[in-house]
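A closer look at the structure
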Amino acid sequence: MSTPEQRSAAARLAVNVSWAYTPDRRERTQPATNASPVSLEYWENRLRQEGRVREEDIPAAAVNARRAEMQRRARKSAAVRRARKAERQQRARQPYRPAQQ
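For the structure given in this document, a descriptive report is provided here. (Residues numbered from 1 in each chain as written. Predicted model: local features only at pLDDT ≥ 70, side-chain atom pairs only at ≥ 80, totals over all residues. Heavy atoms only, no water.)

1. Quick notes on the overall build of the chain
Helix and strand counts for the chain come out as four helices and zero strands. Helices (α) and strands (β) of the chain occur, in sequence order from the N terminus, as α-α-α-α. Over its C-alpha atoms the chain spans a radius of gyration of 23 Å, topping by over 25% the 13 Å that the globule rule assigns to 101 residues. Each principal axis of the C-alpha atoms in the chain carries an extent, and together these give about 70 × 45 × 25 Å. Evaluated residue by residue, the chain yields a buried proportion of 10% over its 101 residues. For the chain, contacts bridging at least 24 residues in sequence account for 21% of all contacts bridging at least 6. (Helix = DSSP H or I, 4+ residues; strand = E, 2+ residues; numbered from the N terminus. Rg over C-alpha atoms; globule rule 2.2 N^0.38 Å. Buried < 20%, exposed > 50% of the residue type's maximum accessible area, 1.4 Å probe, protein only. Contact = heavy atoms within 4.5 Å.)

So this is what it looks like as structure tokens:
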């Protein structure tokens, strides 16, 4: 029986061999790309499923839906960065106390 470390090493080797023999990386990753919120196809499919937008308006609506998602992500990221900065500043204001032995 192999250890978790041996299985992990074997899996890493298999991944590298697999990618080494992949002739078209873009083609191999295209299904995952299309299924992610980065893709307009993702938003078009989502809008079609919701059924609230007319078919002829879906391409333009997909662009707006993707932009809105990216803006939401940017706002959330900025809020996290602000919170981390405030935490760092708060820690910097605290006096240094050596560890008790």
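2. Here we look at a nonpolar patch on the surface
A cluster of nonpolar residues, L13, V17 and Y21, forms a patch on the protein surface that exposes about 360 Å² of accessible area. Position of L13 among the secondary structure elements: in helix α1 (residues 4-20). (Patch = residues over 30% accessible without salt bridge, like charges linked within 9 Å, V, L, I, M, F, W, Y side chains within 5 Å. Areas by Shrake-Rupley, 256 points an atom, 1.4 Å probe, with all protein chains shown as cover. Salt bridge = Lys/Arg side-chain N within 4 Å of Asp/Glu carboxyl O.)

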